[in-house]
Amino acid sequence: MKHLFLYAFAILIFSSCEKKQTEDTTETLLVNEQVRARIDSTLSSFVESGNLAGVSALIFEKDQEVYYNAFGYADRENQVKMDRNTIVQIYSMTKPITGTALMTLYEEGKFQLDDPLSKYAPEFADMKVYDGVDENGNIKLVDADRPVTIRDITRHTAGFPNRADIPGLSEILAEKDPRSFEIDLNEMAKRIGEIPLWFQPGTQWEYGQSVDVQAFLVERIAGVPYKEYVQTHVLDPLKMNDTRYFVPESDRARMSASYRRTGEGQLEQMPNEEAHKFNINEWPLTPGGFGFTSTLDDYMTFARMLVHKGEFGEARILKPETVELMSTNQLPDSVSERSWLPSKGNVGFGIDFAVRVAPPKSAEEMNGIVGEFFWDGAASTLFWVDPVNEITAVLFVQLFPYDQIKLHKKFKDAVYGKYQPSVSN
């Protein structure tokens, strides 16, 4: 009887300790029950207002799943619910995956960041730089002050033009059509190399085809097709089976429809043949800057690999110092012209991520933690890695034009709490 009593007492003590430990862990997490309710309210309100057909989000903190929910429809017209397994087109969230593939070659000593791109790709030798147009509308060109470097193509300072309103230069861009799905990466690089740079390398931040060129560079240095390299060095080791260019017929029922917002509370579904064109056909182009589909759990695996400094499960993708390099601001203060990058908050740019360098200055600025790195996609998807709190978050929608409804801002406010000005003594 005495032994039985002692056994029961020990069980009671153990259970109490275990319960207290669980409570302590829960209490120290940023994403608690109150925050989960706030996220639910925020995301569901966008669906209820008619500004989103469907939305889903997944958050991990300190290796625990602390939030998942989905609201609305992946296909509203056919009443297909948004789900954890829904496949979405991630557009520019393809870029960090490409940067990861490139940096595996960096770790092998295959290149240095400040090497001229032309060292590996003569297509980019002796680049000319746009210098406006003359009185007859002919473009004027000058020599590049220095070569485009690999660092330039990882931080969007190469100078590749990407707009339709540059007199003379945009016409050349349209004529060369380096984004055509019908060409492979070699032909793409050849065409980009034949187009003058818009500005001197390293002097401005401007989105363009830099990450497509990274995919080409991987292919050129590794000597195997980019699609094969990224599969074997990033996607397969992480078991990211739904992250791919081509979605087979058997999986297309899981693909989210895409929606175009035409006014407050007004959405129109884009025809799947148009919206899914890249992913339901197999094309010669395997771009680094866009093109992948993914699921919440697939992309979360990628994000968790990054918060674990290059390692996830049994897979080591990158060394910790490489992830540190990628998530460190690479933009010097001299690069003051930064297009729309400042709309992301007080950020610089690392290697295929925006990097937060200072806290928000106002309640209107995008929320976030200093040291976080993140990126988003044209269909309003978003992910971030917060190494300070060990948080990784993925937000999936399929909405055009890009986030006119401040979804990203309100989602981050829901996670971290609204802006509070710092108190100075």
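Residues numbered from 1 in each chain as written. Predicted model: local features only at pLDDT ≥ 70, side-chain atom pairs only at ≥ 80, totals over all residues. Heavy atoms only, no water.

With that out of the way, let us pick up the nonpolar core. Leu43, Ile59, Ile97, Phe124, Phe383 and Phe411 are the most contacted members of the largest nonpolar core, which totals 110 residues. No other element matches the 7 residues that helix α10 (residues 296–307) contributes to this core. Those residues in contact with Phe383 that sit more than four places away from it in its chain are Met93, Pro96, Tyr299, Ala303, Leu306, Phe353, Phe374, Trp375, Ala393 and Val394. The next biggest cluster of nonpolar side chains, apart from the first, holds 7 residues, and it includes Tyr130, Leu169, Ile195 and Phe199. (Core = buried A, V, L, I, M, F, W, Y, C linked by side-chain atoms within 4.5 Å. Buried < 20%, exposed > 50% of the residue type's maximum accessible area, 1.4 Å probe, protein only. Helix = DSSP H or I, 4+ residues; strand = E, 2+ residues; numbered from the N terminus. Contact = heavy atoms within 4.5 Å.)

What follows is about the pattern of salt bridges. For side chains bearing opposite charge, pairing can occur when the charged atoms are close. Applying the stated criterion across every chain, the model contains 29 salt bridges. The salt bridge partner of Glu372 is Arg356, with a shortest N-O separation of 3.3 Å. Taken together, the positions of Glu372 in the loop between β13 (354–356) and β14 (373–376) and Arg356 in strand β13 put the pair 16 residues apart, joining distant regions of the chain. On the basis of relative accessibility, which here comes to 2%, the residue Arg356 falls in the buried class. Salt bridges sharing common partners tie together Asp242, Arg244, Asp251 and Arg254. (Salt bridge = Lys/Arg side-chain N within 4 Å of Asp/Glu carboxyl O.)

The subject of this paragraph is the environment of Arg356. When the C-alpha atoms of Arg356 and Ala121 are compared, they prove to be 32 Å apart, with 235 residues separating the residues in sequence. Discounting residues that sit within four places of it in the chain, Arg356 has contacts with Lys344, Gly345, Asn346, Val347, Glu365, Met366, Asn367, Gly368, Ile369, Val370, Gly371 and Glu372. A distance of 2.9 Å separates the side chain of Arg356 from the backbone oxygen of Ala358, its partner in a polar contact. In this structure the side chain of Arg356 is engaged in a polar contact, spanning 3.5 Å, whose partner is the backbone oxygen of Asn367. (Polar contact = N/O pair within 3.5 Å; in protein donor to acceptor, adjacent residues only side chain to side chain.)

Bringing the pairing of strand β7 (residues 259–263) into the picture now. Bridge analysis of β7 against strand β8 (residues 266–269) gives 4 bridges, and the strand direction is antiparallel. The residue of β8 that forms the bridge with Arg260 is Glu268. Taken together, β7 and the strand that follows it, β8, pair antiparallel across an intervening segment of 2 residues, in which Gly265 is found at a positive phi of about 70 degrees. As paired elements, β7 and strand β17 (residues 399–400) share 2 bridges and run parallel to each other. Bridging from a neighbouring strand, Tyr259 pairs with Leu399 of β17. (Pairing = 2+ DSSP bridges.)

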